[in-house]
Amino acid sequence: MIPEDLFYSEEHEWVRLDADIATIGITDFAQDQLGDIVYVELPAVGDRVDSGSVIGELESTKSVSDIYSPLTGEVVARNDALDGSAEVINSDPYGEGWLIKVRALDDDPTASLLEAEAYAALTAD
């Protein structure tokens, strides 16, 4: 399940761009690899995130994994609904399981990201 209208990072985050606001989450592949997600730590609204930097973590019944920012910007919203129900990331990673929204600061925020076909090839191995 790799939606065609999104962009992807090699660290398995997805980006939905609407003007200069990027909604960010983890991919179906990532949530499947993690197993049952029980806790999520996200940056605060107003925080600056830099492309490639660690911006939080996901704790699952299997492990703890870092969340990386796929672009540079300022956090304008976080999905506080995940505080009590992180398992939504497993059941709806591209919808209600979104993590944060960022006002992109790059001129071309998707320049270093993958399109669906390239991400599918990355995860096929």
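Keep in mind that this is a model prediction, so the values were computed, not measured.

When helices and strands are tallied, the protein shows 3 helices and 9 strands. Helices (α) and strands (β) of the protein occur, in sequence order from the N terminus, as β-β-β-α-β-β-β-β-β-α-β-α. A compact globule built from 125 residues should have a C-alpha radius of gyration of about 14 Å, and the protein, at 13 Å, falls within 12% of that. Buried positions account for 42% of the 125 residues belonging to the protein. With an accessible surface of roughly 6400 Å², the protein has 44% of that area assigned to carbon and sulfur atoms.

Of the two faces of strand E9 (residues 100–104), only one is covered, namely that formed by Ile100, Val102 and Ala104; the face formed by Lys101 and Arg103 stays uncovered. As judged from the 4 bridges shared by strand E3 (residues 21–26) and E9, these two strands associate in the antiparallel manner. The partner of alanine 22 across the bridge, within E9, is valine 102. Two elements, strand E8 (residues 73–78) and E9, share 5 bridges in a ladder whose sense is antiparallel. Residue pairing for E9: alanine 77 is matched across the bridge by lysine 101.

Hydrogen bonds along the backbone pair up the strands of a sheet, which may run parallel or antiparallel. Read across the sheet, 3 strands follow the order E4-E6-E7 without closing on themselves; strand pairing throughout is antiparallel. Sheet topology places strand E4 (37–41) and strand E7 (64–68) at the edges, where each strand pairs with a single neighbour. Adjacent strand axes in the sheet meet at a mean angle of 25 degrees, parallel and antiparallel pairs treated alike. Across 5 bridges, strand E6 (residues 54–60) lies against E7 in antiparallel orientation.

Here the focus is the sheet that holds E8. Pairing in this open sheet of 6 strands is antiparallel, and the strands run E1-E2-E3-E9-E8-E5 from one edge to the other. The open sheet terminates on both sides in strands that have one partner only, identified here as strand E1 (7–8) and strand E5 (48–49).

Counting residues in hydrophobic clusters, the biggest one holds 22 residues, and the most contacted among them are Ile26, Val40, Leu58, Ile89 and Leu99. Ranked by residue count, the leading element in this core is E3, at 3 residues. Ranked by size, the runner-up nonpolar core spans 8 residues in total, among them Tyr8, Leu114, Ala116 and Tyr119.

About the cut-offs
- Residues numbered from 1 in each chain as written.
- Predicted model: local features only at pLDDT ≥ 70, side-chain atom pairs only at ≥ 80, totals over all residues.
- Heavy atoms only, no water.
- Helix = DSSP H or I, 4+ residues; strand = E, 2+ residues; numbered from the N terminus.
- Rg over C-alpha atoms; globule rule 2.2 N^0.38 Å.
- Buried < 20%, exposed > 50% of the residue type's maximum accessible area, 1.4 Å probe, protein only.
- Areas by Shrake-Rupley, 256 points an atom, 1.4 Å probe, with all protein chains shown as cover.
- Pairing = 2+ DSSP bridges.
- Axes fitted to C-alpha atoms, helices over the stretch in contact; angles between N-to-C directions.
- Core = buried A, V, L, I, M, F, W, Y, C linked by side-chain atoms within 4.5 Å.

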